[in-house]
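# Observations on the model geometry
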Amino acid sequence: MGIMIGGMQVSDEFLGTFSPIVLYWVYSGLYVIAGSFDAYRLHTKREEDEKNLVPKKDVVFGVLFQQAVQAAVATLLFKVTGGNCQSPQDDDASMIVLARQFIVAMMVLDTWQYFVHRYMHHNKFLYKHIHSHHHRLIVPYAYGALYNHPLEGVLLDTFGGALAFLISGMSSHASIFFFSFATLKAVDDHCGMWLPGNLFQLFFGNNAAYHDIHHQLYGSKYNFSQPFFVMWDKFLGTYMPYTVEKRSEGGLEARPVIDCKKEN
C-alpha cells in the first residue's frame, strides 16, 4: 500500500519511517517562530540561553543522529514484519480496530517509557552517564525533544516505539499516523510555551507545563510519565500537580502546587 505523491507511488513503510522526521522539524520550526511571543513562554529567552548546558548546534546534531537510528530500525522492522500486511480496506482495519490499536500502542509506549525513564533517574550510573544528557536542557525547547544520549534514544524511544507497533498489531499504514502523532506530541511537550487553544495542552494532562516541572532541578523525582498520559505517576505517587501563573516580570511559569523544592 501507499499513496501517490507527484505521480509517484510512495509506500506506507517509507511514509511511516520519514513522515515523523519531517513533521518533527516542521512543527519545531513553528515553535521557533512562536518563541518570539514572550507572553506565552514558560521561561524567558534569556533563561533558555543561559541555563541550558548544551549548545543548540549540538542538540540539532544529536537529534539528527537519533532520527537516523530510528529510521534504520523502522526500515528493518517493516522488512521483518512485512508492515503487518494490513491495508485500510481490510475488515480488520476498521475504525474500531484502529482505535483499539492506537489505545494499546499509547498504553504500551507510556508504560515502557515511564518505568525506563524513572529507573534512569534512580540509577545513579545511568543518570550520570546517559539520561543527564537530556536534562542538560533545563529550559526545554521544541527541537530538543529528542535530544538524548544515543543509547537512551535506542532504549527509550526506538525500542519503546517498536514494542508499541508490534504489541498493538497496527499496520504500516496506521503507523504513519500513530508515530506522526506521537512525534508532534513529544515536540509540543518540550515547546516551553503555554498557548491558548493548544489542543495538546487542552486534552492531555501530560503537556508542556507538566513536563517543564520535571526538567527543573526540584522536579526531577516527579512527572516521569511520557508521552501521553499521567496514569503511572498518579498510581505510583510521582505525580506533581502544577498551576500555570503569570510572572511579575512578564510571561508565564509552571509552578508546583506543593513545595517539592524542600523535599530535594
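Each remark here, short or long, concerns the structure printed above.
Structure report, in brief. Bear in mind that the values here come from a model prediction, so they are computed numbers and not experimental data. (Residues numbered from 1 in each chain as written. Predicted model: local features only at pLDDT ≥ 70, side-chain atom pairs only at ≥ 80, totals over all residues. Heavy atoms only, no water.)

### Overview of the packing of helix H6 (residues 150-168) against helix H7 (residues 172-189)
- Close contact between H6 and H7 brings their axes to 11 Å; oriented N to C, the two are set at 135°. If you check the angle between H6 and H7, you find them oblique. Considering the relative orientation of H6 and H7, their crossing is right-handed. Contacts between H6 and H7 involve Gly161, Ala164 and Phe165 from the former and Ser172, Ser175, Phe178 and Phe179 from the latter.
- Looking at the contact of H6 with H7 residue by residue, the class counts come to 4 nonpolar, 3 polar and no charged. (Axes fitted to C-alpha atoms, helices over the stretch in contact; angles between N-to-C directions. Helix = DSSP H or I, 4+ residues; strand = E, 2+ residues; numbered from the N terminus. Parallel < 35°, antiparallel > 145°, perpendicular 65-115°, else oblique. Left-handed = near helix turned anticlockwise from the far one by under 90°. Contact = heavy atoms within 4.5 Å. Nonpolar A, V, L, I, M, F, W, Y, C, P; charged D, E, K, R; others polar.)

### Quick word on the packing of aromatic side chains
- Counted under the stated rule, the structure contains 23 aromatic pairs.
- Seen in terms of ring centroids, Phe102 and Phe178 are 5.5 Å apart; in terms of plane orientation they differ by 85°. Their pairing is edge-to-face. Note that Phe102 is positioned in helix H4 (residues 95-122) and Phe178 in helix H7, a separation of 76 residues in sequence.
- A residue is classified by how much of its surface remains accessible, and Phe102, at 22% relative accessible area, is partly exposed.
- The exposure class of Phe178 is buried, given its relative accessible area of 0%.
- On the basis of an interplanar angle of 55° and a centroid distance of 5.1 Å, the ring pair of Trp112 and Phe159 is categorised as tilted. Of this pair, Trp112 sits in helix H4 while Phe159 sits in helix H6, and the two are 47 residues apart along the sequence.
- Its relative accessible area of 23% is what places Trp112 among the partly exposed residues.
- Residue classification places Phe159 among the partly exposed residues on the basis of a relative accessible area of 42%.
- Connected via pairs of aromatic rings, a cluster forms that spans Phe102, Phe178, Phe179, Phe181, Phe200, Phe204, Phe228 and Phe229.
- The ring of Tyr141 has Lys56 lying over it, and the distance from NZ or CZ to the ring centre is 5.1 Å. (Phe/Tyr/Trp six-rings, centres within 6.5 Å; stacked < 30°, edge-to-face > 60°. Buried < 20%, exposed > 50% of the residue type's maximum accessible area, 1.4 Å probe, protein only. Lys NZ or Arg CZ within 6 Å of the ring centre and 35° of its normal.)

### Notes on the pattern of salt bridges
- Applying the stated criterion across every chain yields a total of 12 salt bridges.
- Among the salt bridges present, the one from Lys56 reaches Glu48, with a minimum N-O distance of 2.6 Å.
- Residue Glu48 is classed as buried on the basis of its relative accessible area, which comes to 9%.
- In the salt-bridge network here, residues are joined through shared partners; they are Arg41, Lys45, Glu48, Asp49 and Lys56. (Salt bridge = Lys/Arg side-chain N within 4 Å of Asp/Glu carboxyl O.)

### Comments concerning a nonpolar patch on the surface
- On the surface, Val22, Val26, Leu30 and Ile33 cluster together into a nonpolar patch covering about 390 Å² of accessible area.
- Mapped onto the fold, Val26 is located in helix H1 (residues 12-34).
- Exposure remark for Val26: the relative accessible area of 48% places this residue in the partly exposed category. (Patch = residues over 30% accessible without salt bridge, like charges linked within 9 Å, V, L, I, M, F, W, Y side chains within 5 Å. Areas by Shrake-Rupley, 256 points an atom, 1.4 Å probe, with all protein chains shown as cover.)

### Structural notes on H6
- Here H6 contains 19 residues, and its C-alpha end-to-end distance of 26 Å stays within 8% of the 27 Å for a straight helix at 1.5 Å per residue.
- Lining the buried residues of H6 we find helix H3 (56-81), H4 and H7.
- Immediately beyond the C-terminal end of H6, within one or two residues, lies Gly169, with a positive phi of roughly 75°. (Expected span 1.5 Å × (residues − 1).)

### As for the packing of H3 against H6
- Between H3 and H6, whose axes approach to 10 Å, the crossing angle comes to 30°. Here H6 runs roughly parallel to H3, going by the angle between their axes. For the crossing formed where H3 meets H6, the hand is right-handed. For the pair H3 and H6, the contacting residues are Phe65, Gln66, Val69, Gln70, Val73, Leu77, Phe78 and Thr81 in the first and Pro150, Gly153, Val154, Asp157, Thr158, Ala162, Phe165 and Leu166 in the second.
- Looking at the contact of H3 with H6 residue by residue, the class counts come to 10 nonpolar, 5 polar and 1 charged.

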